[in-house]
Amino acid sequence: MKRTLAILATAAAFVLSAAETNFLTGIWQGGNVWVHTSDAAGQAVRPKIVPMVKFEQNDAAGKKVLRAVIPAEIAPIAGKYANSISASFYQKVKLPDNKGGKFSLTFRYKGTVPAGFKSLGLILVFPKTGTKTGKLYARSWGAVSADWKTFKYEFTLPAGTDNLEFYFRLNGPGDASFSDYSLTRVK
């Protein structure tokens, strides 16, 4: 009996040590709304549109779903800057060490795009060493659709990276949801 318990305990420890650590377990912050232009007229639009952009965090089947909505009604207010508006969910990720290495990001996404617009989903990863920012990793994914799709992206962080600033971003009017997100180190 003792031997069986010892074998089970060893197997359980092996399974737990082999499990991948998901680094995207912190608190998501919504409310990051920007107009991506240096044009002063475009920046003047921002205070008018910020209250119209919506951020939701819901639980569905035990999983957190993040949803950002830039409504089409923004277009008459934003004019030519409508496709320059972004809405982001943000999370600061503290890594357990500063070894760097290869990381894998996976998540599921879905959404809709109003007629006449070209919404674009984007992830942004800013690796940091202490207070210094490293290379920006930016990657867009396939066309938004009403059905859930899976996205996977691998990237290498330089040695010295001890934290990340991570963004799920919707560019332009539309509706995007994110779920089942995971950032793990590739072994």
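The structure this text deals with has already been given above.
Not measured: the values here are computed from a predicted model.

## Side note on unusual backbone geometry
A positive phi angle is found at Ala-61, which is not glycine, with a value near 55°. The exposure class of Ala-61 is exposed, given its relative accessible area of 82%. The phi dihedral of Asp-180 falls on the positive side, at around 50°, and the residue is not glycine. Here Asp-180 shows up in strand 11 (residues 174-185).

## Things to note about the side chain of Arg-169
With respect to the element layout, Arg-169 can be found in strand 10 (residues 163-171). Among buried charged residues, Arg-169 stands out as having no salt bridge; its nearest opposite-charge side chain is Glu-165, 11 Å away. Within the local environment of Arg-169, its side chain forms a polar contact with the side chain of Asn-171, the two groups lying 2.8 Å apart.

## Some points on helix 2 (residues 40-49)
Listed in full, the buried residues belonging to helix 2 are Gly-42, Val-45 and Ile-49. In an axial view of helix 2, the angular spread of the buried residues amounts to 50°, which keeps them on one side of the axis. Turned more than 90 degrees away from the buried face of helix 2 sit Ala-40 and Pro-47, all of them exposed.

## Quick look at the packing of aromatic side chains
The final tally for this structure, using the stated rule, is 18 aromatic pairs. Consider the rings of Trp-28 and Phe-168, whose centres lie 5.3 Å apart with planes at 25°: the pair is stacked. Highlighted residues: Trp-28 in the loop between helix 1 (2-18) and strand 1 (29-35) and Phe-168 in strand 10, separated in sequence by 140 residues. Each member of the pair, Trp-28 as well as Phe-168, is classed as buried. The residue whose ring lies beneath Arg-46 is Trp-34, and the NZ or CZ to ring-centre distance is 4.5 Å.

## With respect to the sheet that holds strand 3 (residues 63-70)
Within a sheet, adjacent strands bond to each other through the backbone by hydrogen bonds, running parallel or antiparallel. The sheet built from 5 strands is open, its strands ordered 2-3-11-5-9 with antiparallel pairing. In this open sheet, the two edge strands, each paired with only one partner strand, are strand 2 (54-60) and strand 9 (149-157). This sheet shows a mean twist of 30° between the axes of neighbouring strands, independent of strand direction. As paired elements, strand 3 and strand 11 share 5 bridges and run antiparallel to each other. Bridge pairing in strand 11 places Val-69 opposite Asp-175.

## Overview of the pairing of strand 4 (residues 85-94)
Most of strand 4 is tucked away, with 8 of its 10 residues classed as buried. For strand 1 and strand 4, the ladder comprises 5 bridges, and the chain directions are antiparallel. Paired with Trp-34 across the strands is Ser-86, a residue of strand 4. Taken together, the 9 bridges between strand 4 and strand 10 define a ladder with antiparallel strand orientation. By the bridge assignment for strand 10, Phe-89 is matched with Phe-168.

The rules behind these values
- Residues numbered from 1 in each chain as written.
- Predicted model: local features only at pLDDT ≥ 70, side-chain atom pairs only at ≥ 80, totals over all residues.
- Heavy atoms only, no water.
- Buried < 20%, exposed > 50% of the residue type's maximum accessible area, 1.4 Å probe, protein only.
- Helix = DSSP H or I, 4+ residues; strand = E, 2+ residues; numbered from the N terminus.
- Lys, Arg positive; Asp, Glu negative; His and termini not counted.
- Salt bridge = Lys/Arg side-chain N within 4 Å of Asp/Glu carboxyl O.
- Polar contact = N/O pair within 3.5 Å; in protein donor to acceptor, adjacent residues only side chain to side chain.
- Arc of directions from axis to C-beta.
- Phe/Tyr/Trp six-rings, centres within 6.5 Å; stacked < 30°, edge-to-face > 60°.
- Lys NZ or Arg CZ within 6 Å of the ring centre and 35° of its normal.
- Pairing = 2+ DSSP bridges.
- Axes fitted to C-alpha atoms, helices over the stretch in contact; angles between N-to-C directions.

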